Amino acid sequence: MWEHSPVTIDGISALTQTGESETLEFKETTGMRREAARTVCAFLNQRGGQVLFGVTRAGVVAGQQVSERTIEELSAELRQIDPPAFPEIEWVRVDGDREVIVFSTGQGTSRPYTYRGSAYRRVGNTTLAMSADEYNRMLFERMHSEQRWENQPAIGWSVEDLDMAEIRRTVAEAVRRGRLEEPLSRESTELLRGLGLLRGSVLFRAAAVLFGNAEHLGSEMPQCLLRVARFRGLDKMEFLDNRQFNGNAFTLLANAERFLRDSLPIAGRFEEGRFDRIDEPLYPPLATREALANALCHRDYSIGGGSVGVAIYDDRLEVTSSGSLHFGLTPEKLFTPHESRPWNPLIARTFYRRGVIEKWGSGTLKMAEQASTAGLPIPEIEDDSGCVTVRFRHRRFVPQPSSREIGPAQRREEVLALLDGVEDGLTRREIHAHLGSGVSERQVRRALEELRDKGLAVPTNRGPLTRWRRDRGAIGAR
């Protein structure tokens, strides 16, 4: 962020040593005031900056004579900027009756700005016309701060269409965490008003997204949808599981986390000095929860066919949401300290109060830290085709040959190798996930049956969660 302090002759000398840049431009005289006003417009549209009159392009401080008319002409030129902006104008005596005039401005609060009907931006030390796409994006973001999908009336909705138990849980947790004052009344309307989701008697759409019952959401807001899938292999050619859930944001978060717990294999490891195995999810739950919470908070709910998606492949996990990144954020910037500007601030604030989000602007940094601590690569973020994807990868994936290249004996060897390293056994689903897409569930079941018949593996219980372990006392050929 650009910062400004009162200019002095020493300060001007220091500035000229740095040369022109994205936030600094030199003009030899005020006769170039039109070009300077274009640059001020560009500064307002970006990070702010300073224009120095009386300094040559080479950085020589020459100054110029400044009269009352000079300042009037400069001010008249700045009035051509729309919306109105008021850069600070200062002048510093440099030699006799010659002075340097300095325009200073920070980033504008009502972007995009135009000068004489055109918008400008800075690229390095050059002022260029802004593209129509960038102008429209900035205009859309400015309008969004005042009037957006989530703070519009939820037409056709009443308080009776909301899950009051979920509202009470949210308020109680927010009070416990010190993120909300204790309400004076437990009436539903007062609780919603305290959460900022009700104005007068008007219920906001954000309230429906956060607390609406599934039946009403399914007919009135079908975009409140979660799609989950487990694929065999590395693409979407074959489903192992494929489901959809309609519901409010808290319900969808719970369903997504339950799906991950049920579908992801558990990675077991042993540490020296410990007899029991340490079981850990393939991906750290705190990191995946951040990805899910971000998807639900920042997605574009105005897209009627939108949704949040969770897809598990043999080598990765992807969390997707409808919409794009805004406010100048890029995938790269999300992994550096950055200002939090949620696309749906009412929804994001309620998640924060509930404790789903712990700190503004730190979600992606937290994901990266959790993944790194778990020995995983830093998550990837992709913004493409109206969809934002957060992608987790793991290092345990080893591509397997196709089933045609593996005979029954080799498959039995692979299953035994897996069971050798696990004291209390694995389920058939976990074995199948470890073996990868080259082996079918039927082949895994057959291999286990053959190993059981040979006395090399034994089931420890019955039912769908049967765990298989290596029979340590077995003697015989494989």
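Here the structure is a predicted model, which is why all the values come from computation and not from measurement.

### Section: the sheet that holds strand S4 (residues 88–95)
1) Next: The four strands lie next to each other as S1-S2-S5-S4, forming an open sheet whose pairing is mixed. The sheet terminates laterally at strand S1 (24–27) and S4, the two strands that pair on one side only. Averaged over all neighbouring strand pairs, the angle between strand axes comes to 20°, with direction disregarded.
2) Next: Sheet analysis places S1 next to strand S2 (residues 49–53), joined by four bridges and oriented parallel.

### Let's talk about the side chain of Arg-412
1) Next: Among the secondary structure elements, Arg-412 is positioned in helix H13 (residues 408–420).
2) Next: Exposure remark for Arg-412: the relative accessible area of 13% places this residue in the buried category.
3) Next: Those residues in contact with Arg-412 that sit more than four places away from it in its chain are Ala-447, Glu-450, Leu-451 and Lys-454.

### Considerations on helix H15 (residues 441–453)
1) Next: The end-to-end C-alpha separation of H15 is 18 Å, in line with the 18 Å expected for 13 residues at 1.5 Å each.
2) Next: When we look at burial in H15, the residues that qualify are Val-444, Ala-447, Leu-448, Glu-450 and Leu-451. Projected down its long axis, H15 carries its buried residues within an arc of 160°, all on one side. Summarising the geometry of H15, the exposed residues directed more than 90 degrees from the buried face are Arg-442, Arg-446 and Asp-453.
3) Next: Buried-residue contacts for H15 involve H13, helix H14 (428–435), strand S20 (457–459) and strand S21 (467–470).

### Quick notes on the confidence of the model for the protein chain
1) Next: This prediction gives the protein chain a mean pLDDT of 87; 90% of its residues lie at or above 70.
2) Next: Ranking the elements of the protein chain by mean pLDDT puts strand S13 (residues 266–269) last with 60 and helix H7 (residues 205–211) first with 97.
3) Next: For the stretch residues 400–404, pLDDT sits under 50, and the model shows nine contacts to residues farther than four places along the chain or on other chains.

### Re the nonpolar core
One recurring pattern in soluble globular proteins: nonpolar side chains tend to sit buried together.
1) Next: Within the largest apolar cluster, 67 residues are counted, with the highest numbers of intra-cluster contacts made by Leu-192, Leu-197, Phe-211, Val-310 and Phe-351.
2) Next: Setting aside anything within four residues of it in sequence, one finds Leu-192 in contact with Val-159, Leu-162, Ile-167, Leu-197, Leu-198, Leu-203 and Phe-211.
3) Next: With 19 residues, the next largest nonpolar core counts Ala-36, Val-51, Ile-101 and Tyr-120 among its residues.

### Digging into the packing of aromatic side chains
1) Next: This structure, assessed with the given rule, holds seven aromatic pairs.
2) Next: Between Phe-231 and Phe-239, the ring centres sit 4.9 Å apart and the planes meet at 35°, which makes this aromatic pair tilted.
3) Next: Judged by its relative accessible area of 4%, Phe-231 falls in the buried class.
4) Next: Residue classification places Phe-239 among the partly exposed positions, given a relative accessible area of 45%.
5) Next: Between Tyr-283 and Phe-392, the aromatic rings sit 6.2 Å apart at their centres with planes inclined by 55°, giving tilted as the arrangement. With Tyr-283 in the loop between strand S14 (278–281) and helix H10 (285–298) and Phe-392 in strand S18 (residues 387–393), the pair connects residues that are 109 residues apart, well separated along the chain. Comparing Tyr-283 with Phe-392 shows no difference in burial state: the two are buried.
6) Next: Feature note: the residues Phe-211, Phe-250 and Phe-351 constitute an aromatic cluster, connected by ring pairs.
7) Next: Across from the ring centre of Tyr-352, 4.0 Å away, lies the NZ or CZ of Arg-179, which sits over that ring.
8) Next: The ring of Tyr-301 carries the charged tip of Arg-299 above its face, separated from the ring centre by 4.2 Å.

### A look at empty space enclosed by the protein
1) Next: Taken as a whole and judged by the stated rule, the model has one cavity of 30 Å³ or more.
2) Next: Along the walls of the largest cavity sit 32 residues, with Asn-294, His-298, Leu-325, Leu-329 and Leu-334 positioned nearest its centre.
3) Next: For the lining of the largest cavity, the secondary structure elements donating two or more residues are H10, strand S16 (316–322), helix H12 (363–373) and S18.
4) Next: Considering every element that reaches the lining of the largest cavity, the biggest residue donor is H10, with four residues.
5) Next: Taken together, the residues of the lining of the largest cavity sort by class into 16 nonpolar, 12 polar and four charged.

### Quick look at the pattern of salt bridges
1) Next: Here the structure, examined in full by the defined rule, presents 33 salt bridges.
2) Next: For Glu-134, the salt bridge goes to Arg-121, with nearest N and O atoms at 2.8 Å. Taken together, the positions of Glu-134 in helix H4 (residues 132–146) and Arg-121 in strand S7 (residues 118–123) put the pair 13 residues apart, joining distant regions of the chain.
3) Next: We note a salt bridge from Glu-450 to Arg-446, for which the minimum N-O separation is 3.1 Å. Note that Glu-450 and Arg-446 are positioned in helix H15 at a spacing of four residues, about one turn of the helix.

### Considering the environment of Glu-358
1) Next: You can see Glu-358 is positioned in the loop between helix H11 (345–354) and H12.
2) Next: Each C-alpha atom, one on Glu-358 and one on Glu-290, is 9.5 Å from the other, the two residues being 68 residues apart in sequence.
3) Next: Those residues in contact with Glu-358 that sit more than four places away from it in its chain are Arg-177, Arg-179, Tyr-352 and Lys-366.

### Things to note about the sheet that holds S20
1) Next: Pairing within the open sheet is antiparallel, and its three strands lie in the order S19-S21-S20. Every other strand in the sheet has two partners, leaving strand S19 (426–427) and S20 as the edge strands with one partner each.
2) Next: Sheet topology places S19 next to S21; two bridges connect them, and they run antiparallel. Considered in S21, the bridge of Leu-426 is made with Trp-468.

### Thoughts on unusual backbone geometry
Trans is the prevailing form of peptide bonds, just as negative phi is the prevailing case for residues other than glycine.
1) Next: Residue Asp-82 is joined to Pro-83 through a cis peptide bond whose omega torsion reads -5°.
2) Next: Within the fold, Pro-83 resides in the loop between strand S3 (81–82) and S4.
3) Next: Looking along the chain, the bond that leaves Arg-111 and enters Pro-112 is cis, with omega of 5°.
4) Next: Mapping Pro-112 onto the fold places it in the loop between strand S5 (98–105) and strand S6 (114–115).
5) Next: Even without being a glycine, Arg-116 presents a positive backbone phi close to 50°.

Conventions adopted
Along each chain, residue indices are assigned from 1 in the same order as the chain's sequence is written. Selection of residues for local features in this predicted model requires a pLDDT of at least 70, selection of side-chain atom pairs for listing and counting requires 80 or more, and totals for whole chains, interfaces and linings are taken over all residues. Side-chain metrics rest on all non-hydrogen atoms present in the structure, leaving aside hydrogens and water. When DSSP finds two or more bridges between two strands, those strands count as paired. Under the scheme used here, helices are H or I runs from DSSP no shorter than 4 residues and strands are E runs no shorter than 2 residues, and both carry numbers assigned from the N terminus. Axes here mean lines fitted to C-alpha atoms, for a helix over just the part in contact, with angles spanning 0 to 180 degrees between N-to-C directions. The classification of residues rests on relative accessible area computed with a 1.4 Å probe and restricted to protein chains. Under 20% of the type maximum is buried, over 50% is exposed, and intermediate values are partly exposed. Contact between two residues is taken to exist if any of their heavy atoms lie within 4.5 Å; hydrogens are not considered. Take the number of residues in a helix, subtract one, and multiply by 1.5 Å to get its expected span. The arc in question is formed by the directions pointing from the helix axis toward the C-beta atoms. Per-residue confidence from the predictor is given as pLDDT, running between 0 and 100. Buried Ala, Val, Leu, Ile, Met, Phe, Trp, Tyr and Cys residues that are joined via side-chain atoms within 4.5 Å together make up what is termed a nonpolar core. Aromatic pairing here means that ring centres of Phe, Tyr or Trp (its six-membered ring) are within 6.5 Å. Orientation follows from the plane angle: under 30 degrees is stacked, over 60 is edge-to-face, and everything else is tilted. We call a charge positioned over a ring when the NZ of a Lys or the CZ of an Arg lies within 6 Å of the ring centre and within 35 degrees of the ring normal. Every definition here rests on a 1 Å grid over the protein atoms only: cavities are sets of points where a 1.4 Å probe fits but cannot get out, pockets are open sets enclosed by protein on both sides within 12 Å along at least five of seven lines, and lining residues have some atom within 4 Å of a point. Grid points are joined across faces, edges and corners, and a volume is the space filled by probe spheres set on the points. Side-chain classes are defined by residue name, with Ala, Val, Leu, Ile, Met, Phe, Trp, Tyr, Cys and Pro counting as nonpolar, Asp, Glu, Lys and Arg as charged, and the others, Gly among them, as polar. The salt bridge criterion pairs a side-chain nitrogen of Lys or Arg with a carboxyl oxygen of Asp or Glu, the two atoms within 4 Å.

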